[in-house]
Amino acid sequence: MADSRRRSLRHCPQEPKPTSSTPTPPSPTNVRASGAGARKTPCGTPVLRRTGPTSIPLSQDAPQTPSRPSRSSRRMKVATARAPPRAPSSKGVVEASCAAGICNFSTPPSPHAASRLPMREMERTLTASGARCIIGIDEAGRGPLAGPVVAAACHIPLELDTCPEATPWLERIADSKKLTEANREAIFEWLTHTPSVRYAVQRVDAARIDEINILQATMQAMHECVCELRCEPDHVLVDGNRLPWGHVEGIRQDGSIRPADPTPPGTFKAEAVVKGDAKVLAIAAASVIAKVTRDRVMRDLDQLYPNYGLADHKGYPTAAHVGAIRRRGATAIHRMTFAPLKHMSSKAQRGPVTPRKKRPTSPTQQQSTHAMKHVTARDKRARRRLDL
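Described below are features of the structure shown in this document. (Residues numbered from 1 in each chain as written. Predicted model: local features only at pLDDT ≥ 70, side-chain atom pairs only at ≥ 80, totals over all residues. Heavy atoms only, no water.)

### Remarks on the pattern of salt bridges
Next up, step 1: Applying the stated criterion across every chain, the model contains 14 salt bridges.
Next up, step 2: A salt bridge links Arg299 to Glu185; the shortest N-O distance between them is 3.4 Å. Taken as a pair, Arg299 in helix α10 (residues 281–304) and Glu185 in helix α7 (residues 181–193) lie far apart in primary sequence, 114 residues in all.
Next up, step 3: Through salt bridges with shared partners, one network takes in Arg120, Glu121, Glu123, Arg124 and Asp161. (Salt bridge = Lys/Arg side-chain N within 4 Å of Asp/Glu carboxyl O. Helix = DSSP H or I, 4+ residues; strand = E, 2+ residues; numbered from the N terminus.)

Right, here's the structure in full:
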């Protein structure tokens, strides 16, 4: 066996030197070339050594026996074949998510598109009835004690369902409260960097919330979102049980006047969807945009007010947040009409409360206190009997 290998090396024919017109054939991946002082064949071709014990020459004329793949490589191939397709990562979102608008919208819809995206069912029904631009609206930040309330409107065209680069992202969109912060950030980047997706974000600060209450502030933010949107909607789906349009002026139970809703910015149809962030994809996308936008605002406010932990609890009434308000007082970004802020004393609302100082005692009180410390237990019992 060794003699036949030596004869094949000795009688190896001379190969032509590679020129610019004849590219050098690539070497196998599991073969490495020898160094400058390595052994060469009589015809001048260097010997390439495998990672194993055998050696083969570079010449392709010499007969080579096909090597059987190792057991580890076969296991790797089986694992690779069985591994499910991974969703695209957030790194390089622009390049991997049709950011250049090169999606092939002429591709016919897949028969399994409806089963993969059940949250698109309402949008498909409205599109079949004639609606082309369907908007989803949702808010974030109605319950916190500090910071603004943020509303977002989003339109995702149905043609993206047939785009292979966009489908994995659409399948990941869900209610923002059910997603982790990393997933929300990744979906937000994809939504805001995809040209065919239309969105708008508006916010109302704490001072305006205290002036008109949180419900009216939320409706105002939703109305401004539709006004700022870069497309004219045909149908608007709002998360919740109330629309920001259609209510006339009225009187509340406390005697205050509730102003009338603004005029809708168009001739579209509007519909309120209870728990819409779990039923409609456009509403879920709007909830992600609103949530991520407000979280970033609260992290910026944490730099201005570093003693309240706004970056952690995002202004919600946690025990740490309420304790910080009691110790340091409320700030300009706190909603003073929210409990427990409205039930706190005026000192806690104005600022930090200084600790009370002990009252100075008179010499007579000091002497009586010192004498009582030396009274024995027997004397105490005798005093109780005598009712002294």
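Having seen it, we continue.
### Looking at unusual backbone geometry
Next up, step 1: Here the bond from Ala339 into Pro340 is cis, since omega is 5 degrees, no more than 30 degrees from zero.
Next up, step 2: Mapped onto the elements, Pro340 comes out in the loop between α12 (319–328) and α13 (346–350).
Next up, step 3: One non-glycine residue, Asn213, adopts positive backbone phi at about 80 degrees.
Next up, step 4: The topology assignment puts Asn213 in the loop between α8 (206–212) and α9 (214–228).
Next up, step 5: You will see that Lys275, though not glycine, has its phi angle at about 55 degrees, which is positive.
Next up, step 6: Among the structural elements, Lys275 can be located in the loop between β10 (269–273) and α10.

### Observations regarding the side chain of Asp295
Next up, step 1: As for its position among the elements, Asp295 is in helix α10.
Next up, step 2: Not counting the four nearest positions on each side in its chain, Asp295 is found in contact with Arg184 and Lys314. (Contact = heavy atoms within 4.5 Å.)

### With respect to the environment of Thr318
Next up, step 1: Summarising the element assignment, Thr318 is placed in the loop between α11 (310–313) and α12.
Next up, step 2: On the basis of relative accessibility, which here comes to 32%, the residue Thr318 falls in the partly exposed class.
Next up, step 3: It is 9.5 Å that separates the C-alpha atoms of Thr318 and Leu145, two residues lying 173 residues apart in sequence. (Buried < 20%, exposed > 50% of the residue type's maximum accessible area, 1.4 Å probe, protein only.)

### Regarding the packing of aromatic side chains
The geometry of an aromatic ring pair is captured by two quantities: the separation of the ring centres and the angle between the planes.
Next up, step 1: In this structure the tally under the stated criterion is two aromatic pairs.
Next up, step 2: Relative to Trp190, the ring of Trp169 has its centre 6.2 Å away and its plane inclined at 10 degrees; by these criteria the two rings are stacked. Placement of Trp169 in helix α6 (residues 167–172) and of Trp190 in helix α7 is noted, with a sequence separation of 21 residues between them. With respect to class, Trp169 is no different from Trp190; both count as buried.
Next up, step 3: An angle of 70 degrees between the planes, with centres 5.3 Å apart, marks the rings of Trp245 and Phe268 as edge-to-face. On the criterion of sequence distance, the pair formed by Trp245 in the loop between β7 (235–239) and β8 (250–251) and Phe268 in the loop between β9 (257–258) and β10 is long-range, its members being 23 residues apart. (Phe/Tyr/Trp six-rings, centres within 6.5 Å; stacked < 30°, edge-to-face > 60°.)

### So, the pairing of strand β4 (residues 134–140)
Next up, step 1: Within β4, six of the seven residues are buried, which leaves the element mostly enclosed by the surrounding structure.
Next up, step 2: Note that β4 and β7 share four bridges and pair parallel. Note on β7: the bridge partner recorded for Gly136 is Leu237.
Next up, step 3: Direction of pairing for β4 relative to strand β5 (residues 149–155): antiparallel, over a ladder of five bridges. For Glu139, the partnering residue across the bridge sits in β5 and is Ala151. (Pairing = 2+ DSSP bridges.)

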